[in-house]
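Close look at the chain arrangement
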Amino acid sequence: MDWNHYRFRSQWALPAPAPDVYRALERIEDYPRWWPQVREVTRRDDTSGVLRVRSLLPYDLTTVLREGRRDPAAGVLEVVMSGDMEGWARWTVASHGSGSLVRYDQEVVVGKPLLRRLAVPGRPLFQANHRLMMRAGRRGLAAHLAGGRQAV
């Protein structure tokens, strides 16, 4: 087993229509407004940018994102990642009743030297850190889509 290889999957049920959710997710430069752990996004051009995240643990991850797939009809947004994490991430947005169901999939290998050295003892903490970040992201996006009103 490669202790620096991670696969994550999260699902978010949101009360907003799928097209609204998709539009919010494709505007990555707005993520810091609603997702507390996304500290900074710097666009490089129309299809790439630099993302800096920091959750509960005291380290930042900086990753270059390049557009891999953008398919509004299928509800898919995918990026290729390089930097502190190498791999890919994908949002899939689908209608679900009057709202939407959002799935986030990510497969990465951590390249940041400190995290690589702490791979075995730190793995449960890194996974918990990711879960906390995703939970905050769901809450933040729900509030953002509701126009800043408190969301469930």
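In the block above lies the structure referred to throughout.
Criteria and cut-off values
- Residues numbered from 1 in each chain as written.
- Predicted model: local features only at pLDDT ≥ 70, side-chain atom pairs only at ≥ 80, totals over all residues.
- Heavy atoms only, no water.
- Pairing = 2+ DSSP bridges.
- Helix = DSSP H or I, 4+ residues; strand = E, 2+ residues; numbered from the N terminus.
- Axes fitted to C-alpha atoms, helices over the stretch in contact; angles between N-to-C directions.
- Contact = heavy atoms within 4.5 Å.
- Core = buried A, V, L, I, M, F, W, Y, C linked by side-chain atoms within 4.5 Å.
- Buried < 20%, exposed > 50% of the residue type's maximum accessible area, 1.4 Å probe, protein only.
- Salt bridge = Lys/Arg side-chain N within 4 Å of Asp/Glu carboxyl O.
- Phe/Tyr/Trp six-rings, centres within 6.5 Å; stacked < 30°, edge-to-face > 60°.
- Lys NZ or Arg CZ within 6 Å of the ring centre and 35° of its normal.
- Expected span 1.5 Å × (residues − 1).
- Bend = angle between axes of the 7 residues up to and from the residue.

**Examining the sheet that holds strand β3 (residues 48-53)**
If you trace the seven strands from one edge of the open sheet to the other, you get β1-β7-β6-β5-β4-β3-β2, paired in antiparallel fashion. Of all the strands in the sheet, the pair left with one neighbour each is β1 (5-14) and β2 (38-45). With strand direction ignored, the average angle separating the axes of adjacent strands in the sheet is 20°. Here six bridges tie β3 to strand β4 (residues 61-71), and the two strands are oriented antiparallel to one another. Note that in β4 the partner of Val53 across the bridge is Leu61. Sheet contacts for helix α1 (residues 18-26): β1, β2, β4, β5 (76-83), β6 (85-96) and β7 (99-110); angle to β6, the most-contacted strand, approximately 160°. Contacting β1, β2, β3, β6 and β7, helix α4 (residues 119-145) crosses the sheet at an angle of about 25° to β1.

**A word on the nonpolar core**
The biggest cluster of nonpolar side chains holds 38 residues, and the ones touching the most others in it are Leu25, Trp35 and Trp91. The contacts of Leu25, once residues within four sequence positions are left out, are Tyr31, Trp34, Leu77, Trp91, Val93, Val102 and Leu141.

**Quick look at the pattern of salt bridges**
Scanning the model with the defined rule gives 15 salt bridges in all. Here Arg90 and Glu78 are joined by a salt bridge, their closest N and O atoms 2.7 Å apart. On the criterion of sequence distance, the pair formed by Arg90 in strand β6 and Glu78 in strand β5 is long-range, its members being twelve residues apart. What emerges from the salt-bridge pattern is a single network uniting Glu40, Arg52, Arg54 and Asp60.

**Topic: the side chain of Thr63**
Residue position: Thr63 is located in strand β4. The class for Thr63 is buried, based on a relative accessible area of 1%. When residues no more than four places from it in sequence are discounted, the contact partners of Thr63 are Gly49, Val50, Leu51, Met81, Ser82, Asp84 and Met85.

**Considerations on the packing of aromatic side chains**
To describe a pair of aromatic rings, you give the distance between the ring centres and the angle between the ring planes. A full pass over the atoms with the stated rule returns nine aromatic pairs. Ring centres of Tyr59 and Phe126 lie 5.9 Å apart, and the angle between their planes is 85°; on these two criteria the pair is classed as edge-to-face. Pair noted here: Tyr59 is in the loop between β3 and β4 and Phe126 is in helix α4, with a separation of 67 residues, a long-range link. Exposure class is identical for Tyr59 and Phe126. Each is buried. Taken together, the ring pairs in this structure connect Trp12, Tyr31, Trp34, Trp35, Trp91 and Tyr104 into an aromatic cluster. One cation-aromatic arrangement involves Arg123 over Tyr6; the distance from NZ or CZ to the ring centre is 4.2 Å.

**A few points about the pairing of β3**
As defined by bridge partners, β2 adjoins β3 across six bridges and the pair is classed as antiparallel. Bridged to Glu40 within β3 is Arg52.

**Re α4**
Compared with the 39 Å implied by 1.5 Å per residue over 27 residues, the 36 Å span of α4 between its first and last C-alpha is a close match. A maximum bend of about 25° is found in α4 at Leu125. Two residues or fewer past α4, Gly147 is found with a positive phi of approximately 80°.

The values are spatial; any link to function lies outside them.
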